[in-house]
Amino acid sequence: MISRKKNISLIIIFTLTLCLIPLLNLFVNANQLLTQEHTVNIAGKEFQVWGTNIISPEGKRFIPIGTNINGWNFMGWDSKDPGGAAKLVNSIADDWNFNTVRAVVGLKEQKWQGQRMSQWKWSTHRDLALQSLDKIVSAFTNKKVVVMIDAHDWTCRYPQGNDLLLLDDFWKTVAKRYKNNPYVWFNIINEPGVVSKHRPVSPEWVEIHQQFIQLIRDRIGAKNPIVIDADSCGQDSDSWDLEMVDEESSAILSQGDKLKYFDGKKYENIIFSLHVYDLWAHGYKKMDEKFINYLKRVREKGHALLIGEVGNSGEDDTNRFQAPGLVYRNALPRGIGMLAWHFQPGDKFGLVTTGKKWGTEIENKTNPSNLSKGFGEYFWPLRVKQALSS
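Residues numbered from 1 in each chain as written. Predicted model: local features only at pLDDT ≥ 70, side-chain atom pairs only at ≥ 80, totals over all residues. Heavy atoms only, no water.

Structural notes on the side chain of Ser273
Short version of the rule: Starting at the N terminus, helices and strands are each numbered in turn, a helix being any DSSP run of H or I of at least four residues and a strand any DSSP run of E of at least two. A contact between two residues is defined here by any heavy atoms of the two lying within 4.5 Å.
Inspection of the secondary structure puts Ser273 in strand S12 (residues 270-276). Ignoring any residue separated from it by four or fewer positions in sequence, one finds Ser273 in contact with Val227, Ile228, Asp229, Ala230, Gly234, Ile252, Leu305, Leu306, Ile307 and Gly308.

In structure tokens, the structure reads:
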């Protein structure tokens, strides 16, 4: 009888051990994920956000390094060659060694300072828009370069009324089309909101983003990473001076959790995006202490972050010249990626100094001498590698 009880006890212990080993491995792997620099033991079919880390489908830590490109219809920059950015894939992926592009899309007629730049619209040129995006998505994702699609029409404001219906139709269509391609990410709206010193973030930042997170996750069932631009025109700061960012005025710091946990659910794979321009570099100021403090606080909140835009128009750009260097010195060493504005600039924000200032115009593929000082030089692969290993 005693021997029988002993045998039963051994069977129970053996069974419990078999059950506990997978749980223990999961715990160990999760901790490795949060501590290892580049490789983790969790692989899957999609990108995953684990705490502050982005994990690739291959199970490696993913740090987005890349550039903004013409997606469709932004300021008419692609009017002569819709989807033409697809032709740049070898330069972007091989010469620059970028792993991410942000495809900038204009859904409405494009106007700049009262001048009409493009008459195309999503509502009337949907087929052309989708053909253009298909070219870009196919070219880049076939080389495992992320394509982050961005709706760019509401800079420094929020969509209202019919614009919300337009945005709903766009994201419903795009999410359905690319839901099975994990290398396509969805950047809901570009640089929303205005800069308001010591004032709470607009409730629209939460309300609108919750609406489209639910559309993509619940209505469409897409698991692709969703990228959320900060408030204050994407810069998430309330002043141009050296004082630390006021938490109440920072969307990511004060409201970020409301986009990950709401309506009784947890929404996975949310990445926040900061754009670094004049609020972080005004008057040639070096704002390293302010920037480091902000990055630390975002990380303490447990949010994944990338720099979705950074750039300048040259050494005489008083209020933005220091921005790329600030990101290079402080974000990259912390494993926070950065995207240049812009690889095909229709403005003066070029990675190189010659020709049209397109990134394809490097004068050689080894050590080009025409990289723009204080901008393009920080995105060249050798410099990026140095920063990531520092």
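With respect to the state of the cysteines
Selection rule: Disulfides are defined in this document as cysteine sulfur pairs within 2.5 Å. Classification of residues uses two cut-offs on accessible area relative to the type maximum, computed with a 1.4 Å probe and protein chains only: under 20% is buried, over 50% is exposed, and between them is partly exposed.
Applying the stated criterion to the full structure yields one disulfide. Across the disulfide, Cys156 is cross-linked to Cys233 (sulfur-sulfur distance 2.1 Å). Every disulfide takes its handedness from the sign of the S-S torsion; for Cys156 and Cys233 that torsion is 135°, giving right-handed. Placement of Cys156 in the loop between strand S7 (146-151) and helix H4 (162-178) and of Cys233 in the loop between strand S9 (226-229) and helix H6 (251-255) is noted, with a sequence separation of 77 residues between them. Using a relative accessible area of 29% as the deciding quantity, one classes Cys156 as partly exposed.

Quick word on unusual backbone geometry
The residue Asn269 is not glycine, and still its phi comes out positive at about 60°. By the element assignment, Asn269 lies in the loop between strand S11 (265-266) and S12. Even without glycine at this site, Tyr284 takes up a positive phi of about 65°. Note on placement: Tyr284 falls in the loop between S12 and helix H7 (288-300). For Tyr284, a relative accessible area of 35% puts it in the partly exposed group.

Here we look at the nonpolar core
Condition: Only buried residues count toward a nonpolar core, which is a set of Ala, Val, Leu, Ile, Met, Phe, Trp, Tyr and Cys residues joined through side-chain atoms within 4.5 Å.
Formed by 103 residues in total, the largest nonpolar core has its most connected members in Trp96, Phe140, Trp171, Val276, Phe291, Tyr294 and Ile307. Each residue touching Val276, except ones within four places of it in the same chain, is listed here: Gln235, Phe291, Ile307, Glu309, Val310, Gly311, Ala323, Leu326 and Val327. One finds Val146, Met148, Trp185 and Leu306 within the second-largest nonpolar core, a separate group that totals 13 residues.

Some details on helix H5 (residues 203-219)
The line we're drawing: Expected span of a helix, by definition, is 1.5 Å for each gap between consecutive residues, and there is one gap fewer than residues.
Between its first and last C-alpha, H5 extends 23 Å over 17 residues, near the 24 Å set by a 1.5 Å rise per residue. Buried within H5 are the following residues: Trp205, Val206, Ile208, His209, Gln210, Phe212, Ile213, Leu215, Ile216 and Arg217.

Quick notes on the sheet that holds strand S13 (residues 304-310)
Heads up, the rule is: When DSSP locates at least two bridges between a pair of strands, those strands are taken to pair. Lines fitted to C-alpha atoms define the axes, with helix axes restricted to the stretch in contact, and inter-axis angles between N-to-C directions lie between 0 and 180 degrees.
As summarised here, the arrangement of the eight strands in space is S3-S4-S7-S8-S9-S12-S13-S14, forming a closed barrel in which the pairing is parallel. The mean angle between the axes of side-by-side strands here comes to 30°, regardless of whether they run parallel or antiparallel. The sheet contact formed by S12 and S13 spans six bridges and is parallel. Opposite Val276, over in S13, you have Val310 as the bridge partner.

Quick word on the confidence of the model for the protein chain
Put simply, the rule is: The predictor attaches a confidence to each residue, and that confidence, scored 0 to 100, is pLDDT.
Mean pLDDT over the protein chain: 90, with 89% of residues reaching 70 or higher. The weakest mean pLDDT in the protein chain belongs to helix H1 (residues 2-35) at 39; the strongest belongs to S9 at 99.

Brief notes about the environment of Ala230
Examined against the element boundaries, Ala230 turns out to sit in the loop between S9 and H6. Considering only alpha carbons, one finds Ala230 and Ser273, 43 residues apart in sequence, at a separation of 6.1 Å. With residues near it in sequence (within four places) discarded, Ala230 still touches Glu191, Pro192, Trp205, Asp236, Ile252 and Ser273.

Describing the packing of aromatic side chains
Spelled out, the test is: Any two rings among Phe, Tyr and Trp, with Trp reduced to its six-membered ring, count as a pair given centres within 6.5 Å; such a pair is stacked if its planes are under 30 degrees apart, edge-to-face if over 60, and tilted if neither.
Under the defined criterion, the tally for this structure stands at 23 aromatic pairs. An angle of 80° between the planes, with centres 5.0 Å apart, marks the rings of Phe74 and Trp77 as edge-to-face. Phe74 gets classed as buried once you look at its relative accessible area, which sits at 10%. For Trp77, a relative accessible area of 22% corresponds to the partly exposed category. Chaining the aromatic ring pairs together yields one cluster made of Trp96, Phe98, Phe343, Phe375, Phe379 and Trp380.

A closer look at the pattern of salt bridges
Applied cut-off: The salt bridge criterion pairs a side-chain nitrogen of Lys or Arg with a carboxyl oxygen of Asp or Glu, the two atoms within 4 Å.
Evaluation of the coordinates by the stated rule reveals 19 salt bridges. The shortest N-O distance in the salt bridge between Glu247 and Arg297 comes to 3.8 Å. Within this pair, whereas Glu247 is found in the loop between S9 and H6, its partner Arg297 is found in helix H7, the two being separated by 50 residues in sequence. The shortest N-O distance in the salt bridge between Lys301 and Glu247 comes to 2.8 Å. Pair noted here: Lys301 is in the loop between H7 and S13 and Glu247 is in the loop between S9 and H6, with a separation of 54 residues, a long-range link. Here Lys301 falls in the partly exposed class, since its relative accessible area comes to 32%. According to the relative accessible area criterion, Glu247 is partly exposed, its value standing at 31%. A cluster of three or more residues bridged by salt bridges with shared partners is formed by Arg102, Asp150, Asp229 and Glu309.

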